[in-house]
Amino acid sequence: MDTRQSGIQQLLAAEQEAQRIVNEARNAKMARLKQAKEEAEKEVAAYRAQMEAEFQRKLAQSSGDSGANVKRLEQETEEKIEHLKSQAENISHDVVQMLLKHVTTVKN
């Protein structure tokens with residue numbers, strides 16, 4: 001009976017040892033998963049920060065370009081207006097003479 005008792009004790013001890021090993025493996029797995037999750041979150045945060053910086057850089061660059069474009073367009077518009085005023089001034093005398101000629105000429 002003693003050998004039986006000792007066999008049962010050995011089985012119980014082996015079962016407890018197996019349970020301890022399984023628990024350690026489960027805990028190690030959970031720790032690895034937690035660590036992997038943390039690393040993935042860090043990578044995602046770094047990528048997000050990089051993309052945000054890229055977006056802000058492009059936004060600032062395009063805003064700067066639009067300001068330059070506005071100034072360029074304003075300057076071109078002013079130049080065209082001055083050119084048109086100059087042309088109108090040059091031909092205004094001829095236009096007035098032509099209008100007077102047509103208004104004062106009587107046709108039968």
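Criteria and cut-off values
Residues numbered from 1 in each chain as written. Predicted model: local features only at pLDDT ≥ 70, side-chain atom pairs only at ≥ 80, totals over all residues. Heavy atoms only, no water. UniProt positions renumbered as here; feature names shortened; annotations may be inferred. Salt bridge = Lys/Arg side-chain N within 4 Å of Asp/Glu carboxyl O. Helix = DSSP H or I, 4+ residues; strand = E, 2+ residues; numbered from the N terminus.

- The chain appears in an unreviewed UniProt entry as V-type proton ATPase subunit G from Canna indica.
- Per UniProt, the chain carries the Sequence similarities (unreviewed entry) text "Belongs to the V-ATPase G subunit family."

## Focus on the pattern of salt bridges
So, step 1. Across all of its chains, the model carries 5 salt bridges by this definition.
So, step 2. For E17, the salt bridge goes to R20, with nearest N and O atoms at 2.1 Å. Pair noted here: E17 and R20 are both in helix α1 (residues 2-104), with a separation of 3 residues, about one helical turn.
So, step 3. The closest approach of N and O atoms between R20 and E24, which form a salt bridge, is 2.4 Å. Pair noted here: R20 and E24 are both in helix α1, with a separation of 4 residues, about one helical turn.
So, step 4. Overlapping salt bridges, with partners in common, bring together E17, R20 and E24 in one network.

## Quick look at the environment of K34
So, step 1. Tracing the sequence through the fold places K34 in helix α1.
So, step 2. Separated by 22 residues in sequence, K34 and Q56 place their C-alpha atoms 33 Å apart.

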